[in-house]
Amino acid sequence: MTNIIEDHKNAFEALISGDPNFALVSCFVDQKPTTAICHIKEIQSGVFHVAPVFVAITDNMNLTDHDGVSTQ
């Protein structure tokens, strides 16, 4: 089981390939302010696809595996 989708794979490949189209984006996760590293791609003139690659950890964020076991 995985939560990794094709968009995630494409953004990761862009990140490791040296693609310059990344930006820090101010955002919210569960109504808490944070920041995301996003890949920005123009899909048509003036229309952009913004794909978050990494979201900064928030104080209340709890990362777990697929069995619900918390990370240390």
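Provided above is the structure to which this section pertains.
Residues numbered from 1 in each chain as written. Predicted model: local features only at pLDDT ≥ 70, side-chain atom pairs only at ≥ 80, totals over all residues. Heavy atoms only, no water.

Asker: So what exactly am I meant to see when it comes to the side chain of T34 here?
Answerer: Relative to the elements of secondary structure, T34 occurs in strand β2 (residues 32–44). On the accessibility criterion, T34 (9% relative accessible area) is buried. The contacts of T34, once residues within four sequence positions are left out, are V25, S26, C27, F28, V29, V55, A56 and T58. (Helix = DSSP H or I, 4+ residues; strand = E, 2+ residues; numbered from the N terminus. Buried < 20%, exposed > 50% of the residue type's maximum accessible area, 1.4 Å probe, protein only. Contact = heavy atoms within 4.5 Å.)

Asker: Is there a simple way to think about a nonpolar patch on the surface in this case?
Answerer: Together, L24, I37, F54, I57 and L63 make up a nonpolar patch on the protein surface, roughly 500 Å² of accessible area in all. Within the fold, L63 resides in the segment after β3 (47–55). (Patch = residues over 30% accessible without salt bridge, like charges linked within 9 Å, V, L, I, M, F, W, Y side chains within 5 Å. Areas by Shrake-Rupley, 256 points an atom, 1.4 Å probe, with all protein chains shown as cover. Salt bridge = Lys/Arg side-chain N within 4 Å of Asp/Glu carboxyl O.)

Asker: Which parts of the structure should I look at to understand the side chain of H39?
Answerer: Structurally, the position occupied by H39 is in strand β2. Of the polar contacts made by the side chain of H39, one reaches the side chain of D19; its length is 3.1 Å. Ignoring any residue separated from it by four or fewer positions in sequence, one finds H39 in contact with A11, A14, D19, N21, F22, H49, V50, A51 and V53. (Polar contact = N/O pair within 3.5 Å; in protein donor to acceptor, adjacent residues only side chain to side chain.)

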